[in-house]
Amino acid sequence: MLDIRFVRENPEKVKEALKKRGYEVDFNEFLELEQSRLTLLKEIESKRALRNSVSQEIAKIKAKDGKIDEALIAQMRNLSNELKLLDERLKEIEQKVESFLLFIPNIPHHTVPLGKDENDNVEVRRWGKPPKFDFEPMPHWQIGEILDIIDFERAGKIAGSRFAVMKGLGAKLERALINFMIDLHVSKGYREVLPPFLVNKEAMIGTGQLPKFEEDLFKVSDPEFYLIPTAEVPVTNLHKDEILSEDDLPIYYVSYTPCFRREAGSYGKDVRGLIRQHQFNKVELVKFVKPEDSYDELESLTKDAEEVLQRLGLHYRVVSLCTGDLGFAASKTYDIEVWIPTQGRYREISSCSNFEDFQARRANIRFRRRGKKGTEYVHTLNGSGLAIGRTVVAILENYQQKDGSVVIPEALRAYVGVDIIR
RNA sequence: GGAGAGGUGGCCGAGUGGUUUAAGGCGGCGGUCUUGAAAACCGCUGUAGGGUUUAAUCCCUACCGGGGGUUCGAAUCCCUCCCUCUCCGCCA
C-alpha cells in the first residue's frame, strides 16, 4: 500500500510512476473522497471534543451534589445521535479510500528498466555454460517416467492435472534439495522457519495477494482459510502489527513450504511436466531490513539464491524485470532463470524482490531507531532459494546421460545417497 | 466436542460507569553522584490521525483482542466474533 498522505499530496508523481507499469489510474475520485473525508473528520472531531468536555462538566456537577440540567442532557443526546450518523458516513468514505489504495500497485524503483512486458526485461549476468549433448536430450517428464521417479498419470487419478507424484529416488531428490538449500542458507545466517500452510485473509492482504488476486488462490471455507501460494505470506506476516527494535534488524528467514496456486488463466501453458503445478515445493528467503539497506540487501539476497545454482552446477542468467513485468507489490525484482536444454531457453527458477515499505505498511510492520522518537516502516524482501520442482526439472534435463540415467550433482550426493539415478 | 478462566502501553501488571489526561513496576533515554562503571536518587518516556507555530512547541480526536449496542459519559455494563490458557473427552 502506498502512503495515503503521499498520494494525496503528489497524485501526479504517483500517476506518472504507475504509467511506467502500464497502469492508468484516475485519481480524481480518490482526491474528492480524501477531501470530504478530511472535512468530515474535522467536523466529527470537534463535535466529539464538545461531547467529551460537557460530559466532564456533568461529572463534576454530579460529584458536587449538583443537579443536572435535563435540557443539557437532551441536547447532548441529540449531539450523540448526530455523531452516530456522521460516523457511519465517515466509515463509508474511509472504506472507499482504503480499498482504492489496496488496489494500487507499488511504485517501481528508478533503476528498474522501462518496458512493456517480459521481452523488455534486461539481462544482468550469466553464470556457467549450457551442457553439450552428443545425443538428443529428453524432456524431464520423459526421463521421470522412464526412471519411474515421477508419475503424472496416477497424480491425475487422485487429484487432477497439474499435479505430480514423486516416487523412489525422485521423492528422495525432492527431499534432498529441500534439505540442501535450507542447510546452505542457514549457514549464511538465515533462520529456519516452518510456518502454517493455511493463513487467514489478513495475512493475504498484508503481502498483497488480496484483495486483488483472489482468483489465483485456493481457499477453504468453514472455517475460512487460504492455502499459501508462497512462504512469503506466512513468513512476512510473522511480524505483522509489531514494532521491532533497530537492534533486531536485519532479520533473515529461510522457509520451506509447499505452495498452492490456482493457475487460473494459464490454460494451455506448460501443460506437461513439473514446470507449472497446482502444488509445488519451494525454499523461500525473507528479509526484514532498514530502509537505507534494502537495495544492498536485494543484491545479496539474489546472490544467495544464485549460489544454490552455482553449487548445483546449473547454467543460469539473472534478469532485471522491466516496469511492465513487475509484480504488484514489488519495487524491483531480479528473476533468476535456469537453462532448460529441451526448451532451448531459460526458465524462471527464482524471483527476488524488494517491496520497500509496501508490504510493511499493509501488514503494519515497523521499527524504532535507537534514541529516536516515533516509528518507521521496515523494508521487506523475499526471493525463492529456490523453487524445488523446477530445480528437479533442471537437474534431470541438464544432467541426463545417453543411457537415460541422471547424474546427481556433486554437492547433492550426500543428501540423495547415490551418485546417479538409473 | 463439553466445562471454566482470561486478552490492558515495548514488557509485566492494577483498574467493574465520571480527578484514569490508563496506578505501580520493568525496560529505555537524560541528569546528579563517581577516576570510570555499578548501585542509589531525580526527571522524561505509547501509537496513529487531524489542526497549529518560522521552529522547538501547543491543541484536538481515536486506540485497553475485533465488531456492534446501552449511556450525557464505557477499559469498566450488554450482545457477538476471534484468540490464549486450564480441566475432561477424542485424536496424529
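Before reading further, recall that the structure is shown in the block above.
Residues numbered from 1 in each chain as written. Chains lettered and ligands numbered in written order. Predicted model: local features only at pLDDT ≥ 70, side-chain atom pairs only at ≥ 80, totals over all residues. Heavy atoms only, no water.

Peer 1: For this particular structure, what's the right way to read the side chain of arginine 276?
Peer 2: Considering the arrangement of structural elements, one finds arginine 276 in the loop between β9 (251-260) and β10 (279-289). Apart from the residues within four sequence positions on either side, arginine 276 is in contact with Arg162, Glu263, Ser266, Lys269, Asp270, Arg347 and Arg390. (Helix = DSSP H or I, 4+ residues; strand = E, 2+ residues; numbered from the N terminus. Contact = heavy atoms within 4.5 Å.)

Peer 1: Just to check I follow, could you spell out the protein's contact with RNA strand B for this structure?
Peer 2: Taken together, 25 residues are adjacent to RNA strand B, and Ser55, Arg77, Ser80, Lys91 and Thr375 come closest. In RNA strand B, atoms within 4 Å of the protein come 77% from sugar and phosphate. In the environment of RNA strand B, a phosphate oxygen lies 2.9 Å from a nitrogen or oxygen atom belonging to the side chain of arginine 8. Within the contact set of RNA strand B, a phosphate oxygen lies 2.7 Å away from a side-chain nitrogen or oxygen of arginine 77. For the surface near RNA strand B, the elements supplying multiple residues, two or more each, are α1 (4-9), α3 (28-63), α4 (70-102) and β14 (366-368). The element contributing the most residues to the surface near RNA strand B is α3, with 12 residues. (Near = heavy atom within 4 Å. Polar contact = N/O pair within 3.5 Å; in protein donor to acceptor, adjacent residues only side chain to side chain.)

Peer 1: Could you clarify how one ought to interpret the pattern of salt bridges in this entry?
Peer 2: If the charged atoms of two oppositely charged side chains come close together, the side chains can form a pair. Using the criterion set out here, one finds 27 salt bridges in the structure. Glutamate 306 is the salt-bridge partner of arginine 125, the closest N and O atoms lying 2.6 Å from each other. One end of the pair, arginine 125, is in strand β1 (residues 122-127); the other, glutamate 306, is in helix α10 (residues 294-312), and 181 residues separate them in sequence. For arginine 125, a relative accessible area of 24% translates into the label partly exposed. Across the pair glutamate 410 and arginine 413 runs a salt bridge whose closest N-O atoms are separated by 3.8 Å. Classification of glutamate 410 by relative accessible area gives exposed; the value is 64%. Here arginine 413 falls in the partly exposed class, since its relative accessible area comes to 25%. By sharing partners, the salt bridges in this structure join Glu123, Arg126, Arg317 and Glu337 into a single network. (Salt bridge = Lys/Arg side-chain N within 4 Å of Asp/Glu carboxyl O. Buried < 20%, exposed > 50% of the residue type's maximum accessible area, 1.4 Å probe, protein only.)

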